[in-house]
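Examination of the molecular architecture
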Amino acid sequence: MIAKSFVTTLLATTLLASGAFAADLSIVSGDTGNGREFLRKQLDRFEKETGNKVSIVAMPANSSDNFGQFRLWLAAGNTDIDVYRTDVIWAPQLADQFLDLKDAAKDVIDQHIPSIIESQTVNGKLVAMPVFTDAPALYYRKDLLEKYKKPVPKTWDEMAATAKEIQDGERAAGNKSIYGYVFQANAYEGLTCNALEWVKSSGGGQIVEADGTISINNPDAAVAIDRAKGWIDTISPKGVLAYTEEEARGIWQTGNSVFMRNWPYAYALAGSDDSTIKGKFDVAPLPSGKEGQNSAATLGGWNVAVSKYSKSPEEAIKLALFLSSADEQKARALSQASMPTIKSLYDDKDIAAAQPLIPNWKPVFENSVPRPSAPTKVKYNEVSNMFWSAVHDTLSGNGTAADNLELLEAKLTELQGGSW
């Protein structure tokens, strides 16, 4: 009996040391393309290193829907989710629900681009660790631009004119399915990103400025949005009003669009062996609203945050640090063409050889523009919802941009109250 008890105790000690009693963690993630498949490979590596087990709670790719669900779970003190994959704009709104990662990450913080760490820091608390950063570009069919002897467009009007000419020419030649331009015009956060680019690059400001001033109701902004309205059912399919990133990529990657606005993840997928357009496309900075005006690309990016309700906070923090590490960011860059947040990786020879777009994406980042989450703080989600709704109404033919922006200004002023 004593011998049996001793063996049982020894076995338990051995199992504990080997990780058999390690933590069961979960990470919630909405993703695009093959991102979830790549995440699973990362988690497999983490499991092998630590003995922990990690399951993925899959979510749709729509970031707006994810934010709403995450906020509900966190408000309810949900203990089932340990790590959340978070958008760059969510830090001020969810900061109270996540653990402070500053001490755990103190030895690696300086490796990251400072402005990105700053974007995830709220009142001195490091809310999330960056996994990759993002800024969109104009994807174009270089074979078709060469065929029609057209330069890469510098302005939105040039883009529309070129798109229409090539669309009409290709349809006349038999490709009845081709369109000139696809983008994200569904009523969600992606439309806020697109429309901010139109407005900012046309001199219309950033919806709410850094000092909290509501600036969106102005003639330049109205012209920019009305211009985009003119694309619907001409160079863009009417169905674009329901497109997110993946619907746009689907049209583009099957060879049925001349231009596309999308994030870097689409580059690797469009260049894959099974892609209809492999070797036939390139990217450039997004167009501007008019000659002499700078292009604008909405700053994006994704991070990992640890729930304060996690039952295994130490192991969850290890997972967050693992996913944001230099090795994992390099693996993501090589596989997914994701933009690292670790500065040294932009000079990495392996990355430059495998994904030449990454070092070449610097001009895009130079023209990046933040969404107004910093000045509007916890009210940002409502601000964005009001903005994308006004834009979607305009694109759908429900009122002019000028009328809808005037109504938007009134709603934002009421939301602001005494201060943001």
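Look above for the structure.
As a starting point, this report considers the structure included with it.

Definitions and cut-offs
- For every chain, the first residue of the written sequence is number 1, and numbering continues from 1 along that sequence.
- Local features in this predicted model are restricted to residues of pLDDT 70 or higher, and side-chain atom pairs are both shown and tallied only at a pLDDT of 80 or more, whereas totals for entire chains, interfaces and linings draw on every residue.
- Side-chain measures were taken over the full set of non-hydrogen atoms in the model, leaving aside hydrogen atoms and water.
- Two strands make a pair as long as DSSP finds a minimum of two bridges between them.
- Secondary structure counts use DSSP, requiring at least four H or I residues in a row for a helix and at least two E residues in a row for a strand, with both numbered from the N terminus.
- All axes are obtained by fitting lines to C-alpha atoms, using only the stretch in contact for helices, and the reported angles, taken between N-to-C directions, cover 0 to 180 degrees.
- By definition, residues are in contact when any of their heavy atoms lie within 4.5 Å.
- Roughly parallel means an angle under 35 degrees; roughly antiparallel means over 145; roughly perpendicular covers 65 to 115; every other angle is labelled oblique.
- Note on convention: the crossing is left-handed when the near helix lies turned anticlockwise from the far helix by less than a right angle, right-handed when the turn is clockwise.
- The nonpolar class holds Ala, Val, Leu, Ile, Met, Phe, Trp, Tyr, Cys and Pro. Asp, Glu, Lys and Arg form the charged class, and all remaining residues, Gly among them, are polar.
- We define a salt bridge as a contact between a side-chain nitrogen of Lys or Arg and a carboxyl oxygen of Asp or Glu at a distance within 4 Å.
- With a 1.4 Å probe rolled over the protein chains alone, any residue whose accessible area is under 20% of its type maximum counts as buried; one over 50% counts as exposed, and the rest are partly exposed.
- Take the buried residues of types Ala, Val, Leu, Ile, Met, Phe, Trp, Tyr and Cys, join any two whose side-chain atoms come within 4.5 Å, and each joined set is a nonpolar core.

1. What to know about the sheet that holds strand β9 (residues 257–262)
- In space, the four strands of this open sheet follow the order β8-β9-β7-β10, with mixed pairing throughout. Each of the sheet's edge strands pairs with one partner strand only, and the pair in question is β8 (179–182) and β10 (281–284). For this sheet, the mean angle separating the axes of adjacent strands, direction not counted, is 15°.
- Of the pairings in the sheet, the one linking β8 to β9 comprises three bridges and is parallel in character. Following the sheet pairing, Val182 is matched in β9 by Met260.
- Lying over the sheet, helix α10 (residues 245–253) contacts β7 (137–141), β8, β9 and β10, oriented at roughly 155° with respect to β9.

2. Considering the packing of helix α18 (residues 380–395) against helix α19 (residues 401–416)
- Remark: α18 packs on α19, axes separated minimally by 9 Å, with the N-to-C direction vectors making an angle of 165°. Classified by the angle between their axes, α18 and α19 sit roughly antiparallel to one another. For the pair α18 and α19, the crossing hand works out as right-handed. Judged by residue contacts, Glu382, Val383, Met386, Phe387, Ala390, Asp393 and Thr394 of α18 engage Ala401, Asn404, Leu408, Lys411, Leu412 and Leu415 from α19.
- Split by residue class, the contact of α18 with α19 holds eight nonpolar, two polar and three charged.

3. Details of the sheet that holds strand β2 (residues 53–59)
- Ordered in space as β2-β1-β3-β12-β6, the five strands form an open sheet in which the pairing is mixed. The open sheet is flanked by β2 and β6 (129–134), the only strands paired with a single partner. Pairwise comparison of adjacent strand axes, ignoring direction, gives a mean angle of 20° for this sheet.
- Here strand β3 (residues 83–87) pairs with strand β12 (residues 300–306) via five bridges, running antiparallel. Bridged to Arg85 within β12 is Val304.
- With respect to the sheet, helix α2 (residues 35–50) is in contact with β1 (24–30) and β2, its orientation differing from that of β2 by roughly 165°.
- Most of the contacts of helix α12 (residues 313–323) go to β12, to which it runs at about 160°, and overall it touches β1, β2, β3, β6 and β12.

4. Focus: the pattern of salt bridges
- Counted under the stated rule, the structure contains 17 salt bridges.
- With a shortest N-O distance of 2.7 Å, Glu328 and Arg45 are connected by a salt bridge. Of this pair, Glu328 sits in helix α13 (residues 326–336) while Arg45 sits in helix α2, placing them 283 residues apart in sequence.
- Glu328 gets classed as buried once you look at its relative accessible area, which sits at 5%.
- Two residues, Arg261 and Glu197, come together in a salt bridge whose shortest N-O distance is 2.8 Å. Remark: Glu197 occurs in helix α8 (residues 189–200) and Arg261 occurs in strand β9; sequence separation between them is 64 residues.
- Here Glu197 falls in the buried class, since its relative accessible area comes to 1%.
- Here the residues in one salt-bridge network are Arg40, Asp44 and Glu47, joined through shared partners.

5. Comments concerning the nonpolar core
- Core analysis: the biggest nonpolar cluster contains 82 residues, and Trp198, Ile216, Trp231 and Trp361 have the highest contact counts within it.
- Once residues lying within four places of it in the same chain are set aside, the contact partners of Trp231 are Trp156, Met159, Ala160, Tyr181, Phe183, Trp198 and Ser236.
- Counting 44 residues, the second-largest nonpolar core is a separate cluster that includes Phe98, Ile117, Leu319 and Ala320.

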